[in-house]
Amino acid sequence: LEDVRTIALSGILWMSHMRAQDDAIDKVGETLNPNFLFLRDLYLRESLHLLYRLFPHNSRFWNLYSTYFDEYARSVLSEKANHSSIESTFDDGEFHSIAKGKAAMAKYPVAALAVLSGEEEKMLLLTESLDCYHVGYQYWDDLVDWKEDLASSKFTLLLVRALEHITPEMRTVAGELREEIGRAHV
């Protein structure tokens, strides 16, 4: 039970780090408070410190953790690089890949429990289930936040699909784009 609590606390600290990291990435060009940056790094350090107590350096867990972290980083960078202009293109496969990747670190607690219990064969089904959940969640989040996403030039699959139904001329009319997207039938 104590190991489960440790993994849960590590996950909470990781989520705090991730949210702070996302805020830092989203505020490009803005001056960030150095205290904020140190706090962000402290969350990560403490999350890892808890995991180091449970897993030796040569544990299979660290390979899984690294795989999930790499997936997360690639997805965040891909989304930022490829979907921040009105000319963005998006397909279902890329959307699913980014949605899964942005939440890939949610799989490390499952991996930690599987490694600790010695039941790694059950991990694949559970991590696939998490991937499916996060794809569905991303669809919902994009639907709820479409106005904010548009205002911040974050062109999600939903916005790209809506823009396909709006003429290029209407895209350039100040103040009209939001209303046109709200009326689009995607």
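First things first, this report covers the structure right here in the doc. (Residues numbered from 1 in each chain as written. Predicted model: local features only at pLDDT ≥ 70, side-chain atom pairs only at ≥ 80, totals over all residues. Heavy atoms only, no water.)

**Description of empty space enclosed by the protein**
Working step 1: Within the structure shown, the criterion is met by one cavity of 30 Å³ or more.
Working step 2: Of the volumes computed, that of the largest cavity is approximately 70 Å³.
Working step 3: Considering the residues around the largest cavity, the lining is formed by 13 residues, among which E79, F90, F95, I98 and D142 are closest to the centre.
Working step 4: Contributions of two or more residues to the lining of the largest cavity are made by α4 (92-102) and α6 (123-144).
Working step 5: Top contributing element to the lining of the largest cavity by residue count: α4, with four residues.
Working step 6: By residue class, the composition of the lining of the largest cavity is six nonpolar, three polar and four charged. (1 Å grid on protein atoms, 1.4 Å probe; cavity = no way out; pocket = protein on both sides within 12 Å on 5 of 7 lines; lining within 4 Å. Points joined across faces, edges and corners; volume = space filled by probe spheres on them. Helix = DSSP H or I, 4+ residues; strand = E, 2+ residues; numbered from the N terminus. Nonpolar A, V, L, I, M, F, W, Y, C, P; charged D, E, K, R; others polar.)

**Side note on the packing of helix α5 (residues 108-117) against α6**
Working step 1: Interaxial distance between α5 and α6 falls to 10 Å at its minimum, and their mutual angle equals 170°. As far as their axial angle goes, α6 and α5 are roughly antiparallel. Across the interface between the two elements, V110, A111 and A114 of α5 pack against M123, L126, T127 and L130 of α6.
Working step 2: When grouped by side-chain class, the residues that make up the contact of α5 with α6 number six nonpolar, one polar and no charged. (Axes fitted to C-alpha atoms, helices over the stretch in contact; angles between N-to-C directions. Parallel < 35°, antiparallel > 145°, perpendicular 65-115°, else oblique. Contact = heavy atoms within 4.5 Å.)

**Structural notes on the side chain of Q138**
Working step 1: Mapped onto the elements of the fold, Q138 is located in helix α6.
Working step 2: Among residues more than four places away in sequence, those in contact with Q138 are F95, A99 and K102.

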